[in-house]
Amino acid sequence: MTIIDGGSPPETDLVKDGSDQGFMADVIEASKQAPVIVDFWAPWCGPCRTLGPMLEKAVRGAGGAVRMVKINIDEHPGVAGQLGVRSIPAVYAFDQGRPVDGFMGAIPESQIKLFVERLAGADMTAEIEPILAQAAESLKLGDIGGAAQGFMAVLQLDPENVKAIAGMARIALNAGDADEARQILSHVPPEKANDPEIQGVLAALELAAKAEAAGDTGDLALKVANEPENLQARFELAEALSARGDLEHASEQLLAIIERNRDWNEGAARTQLLKVFEAAGPMSDITKQGRRKLSAILFS
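Here's what I pulled together on the structure shown here. Small disclaimer: the values here were computed from a predicted structure and weren't measured. (Residues numbered from 1 in each chain as written. Predicted model: local features only at pLDDT ≥ 70, side-chain atom pairs only at ≥ 80, totals over all residues. Heavy atoms only, no water.)

1. A few points about the nonpolar core
Part 1 of the argument: Counting residues in hydrophobic clusters, the biggest one holds 50 residues, and the most contacted among them are Phe 151, Leu 185, Leu 254, Ile 257, Ile 258, Leu 273 and Leu 294.
Part 2 of the argument: With 9 residues, the top contributor of residues to this core is helix H7 (residues 162-174).
Part 3 of the argument: Filtering out sequence-adjacent residues up to four positions away, Leu 273 remains in contact with Ser 251, Leu 254, Leu 255, Ile 258 and Leu 294.
Part 4 of the argument: Counting residues in each nonpolar core, the second largest holds 20 residues, with Phe 23, Phe 40, Ala 42 and Cys 45 among its members. (Core = buried A, V, L, I, M, F, W, Y, C linked by side-chain atoms within 4.5 Å. Buried < 20%, exposed > 50% of the residue type's maximum accessible area, 1.4 Å probe, protein only. Helix = DSSP H or I, 4+ residues; strand = E, 2+ residues; numbered from the N terminus. Contact = heavy atoms within 4.5 Å.)

Written out as structure tokens, the structure is:
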């Protein structure tokens, strides 16, 4: 269909039934004018009956910036087979003649709306920030599933979002999988490698790498309890705690060293404390409270 004077197509043309025979015209060629979402469905698929209307609603709400083609795979299995569709609902987005995004299975209406808006070229900043905040809070509270869902939702909208990449890397690191964390970080664009969120995860990886060499925290804690002025023992305990991810108690031990002797071992405790802050993240409670305590010690 030709759009005259840059106007939007009629609403009735925004969503249409497609076929294997019409796929080139309805999807590939049409996507060179505006992104086209393809919804592979079947009458017997319950989730499809839920997803389809929500997807149509979001497409119509985009005001012509995105179109949608519905393909019943019972009647037209060819293209679905070529794309490797093994289960439905399956949704693909095409732009400039090629697939650029998609998802499998039913997802919440809020995520459908974000999916469509992103294809339409909308500014997603206002939508993404609340999801990131909720995911970070979930991670803080130990809700790993909720955190992962939030970070992945953001990455579907913005694959280069450093906060979401860092969040997924922290989830892997907290699970003890440092290799997976490094693999996730490999997706960070070079120009964003120095972002504080990414540097924080790298610092946490550096601390975790010392876990095997670190002493037993129980033995070290007992030694510190018996010899509270043994600053070397405190430092070793802090290293062992930080290597095992207990940054809060590592921070407490390092602050205790600085309070007793801020210049001990050429300022080693303060150097290690700054690494702990970096690993915890600039906005974490560990860092904010630790910096307040450090300032009180240094400037009292």
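2. As for empty space enclosed by the protein
Part 1 of the argument: Applying the stated criterion across every chain, the model contains 1 cavity of 30 Å³ or more.
Part 2 of the argument: Looking at the largest cavity, its volume works out to about 50 Å³.
Part 3 of the argument: In terms of lining residues, the largest cavity is bounded by Gln 111, Leu 114, Phe 115, Ala 153, Gln 156 and Leu 157.
Part 4 of the argument: Breaking the lining of the largest cavity down by element, the ones donating at least two residues are helix H4 (109-119) and helix H6 (144-157).
Part 5 of the argument: Classifying every residue of the lining of the largest cavity by side-chain character gives 4 nonpolar, 2 polar and no charged. (1 Å grid on protein atoms, 1.4 Å probe; cavity = no way out; pocket = protein on both sides within 12 Å on 5 of 7 lines; lining within 4 Å. Points joined across faces, edges and corners; volume = space filled by probe spheres on them. Nonpolar A, V, L, I, M, F, W, Y, C, P; charged D, E, K, R; others polar.)

3. As for the state of the cysteines
Part 1 of the argument: Following the criterion strictly, the structure yields 1 disulfide and no others.
Part 2 of the argument: One disulfide in the model links Cys 45 with Cys 48; its S-S distance is 2.3 Å. Between Cys 45 and Cys 48, the S-S torsion sits near 80°, and that sign places the bridge as right-handed. Comparing Cys 45 with Cys 48 shows no difference in burial state: the two are buried. (Disulfide = S-S within 2.5 Å.)

4. Topic: the packing of H6 against H7
Part 1 of the argument: Packing of H6 against H7 leaves a shortest axis separation of 9 Å and a crossing angle of 150°. Between H6 and H7, the angle is such that the two are roughly antiparallel. The hand of the H6/H7 crossing is left-handed. Of H7, the residues touching H6 (which contributes Ile 144, Ala 147, Ala 148, Phe 151, Met 152, Val 154 and Leu 155) are Lys 163, Ala 164, Ile 165, Gly 167, Met 168 and Ile 171.
Part 2 of the argument: Broken down by class, the residue content of the contact of H6 with H7 amounts to 11 nonpolar, 1 polar and 1 charged. (Axes fitted to C-alpha atoms, helices over the stretch in contact; angles between N-to-C directions. Parallel < 35°, antiparallel > 145°, perpendicular 65-115°, else oblique. Left-handed = near helix turned anticlockwise from the far one by under 90°.)

5. Comments concerning the environment of Gly 97
Part 1 of the argument: Summarising the element assignment, Gly 97 is placed in the loop between strand S4 (90-95) and strand S5 (98-104).
Part 2 of the argument: Along the chain, Gly 97 and Gly 281 lie 184 residues apart, while their C-alpha atoms are 41 Å from each other.
Part 3 of the argument: The contacts of Gly 97, once residues within four sequence positions are left out, are Ile 28, Ser 31 and Lys 32.

6. Regarding the pattern of salt bridges
Part 1 of the argument: Under the counting rule described, the total for this entry stands at 14 salt bridges.
Part 2 of the argument: Here Glu 29 makes a salt bridge to Lys 32, at a shortest N to O gap of 3.5 Å.
Part 3 of the argument: Overall, the relative accessible area of 39% leaves Glu 29 in the partly exposed class.
Part 4 of the argument: Residues Arg 182 and Asp 179 are paired through a salt bridge, measuring 3.4 Å at the closest nitrogen-oxygen approach. Residue Arg 182 and its partner Asp 179 are located together in helix H8 (residues 178-185), separated by 3 residues, close to a single helical turn.
Part 5 of the argument: Look at Arg 182 and you get partly exposed, because its relative accessible area is 41%.
Part 6 of the argument: Here Asp 179 falls in the exposed class, since its relative accessible area comes to 58%.
Part 7 of the argument: If you follow the salt bridges from partner to partner, you end up with Asp 17, Glu 56, Arg 60 and Lys 70 in one network. (Salt bridge = Lys/Arg side-chain N within 4 Å of Asp/Glu carboxyl O.)

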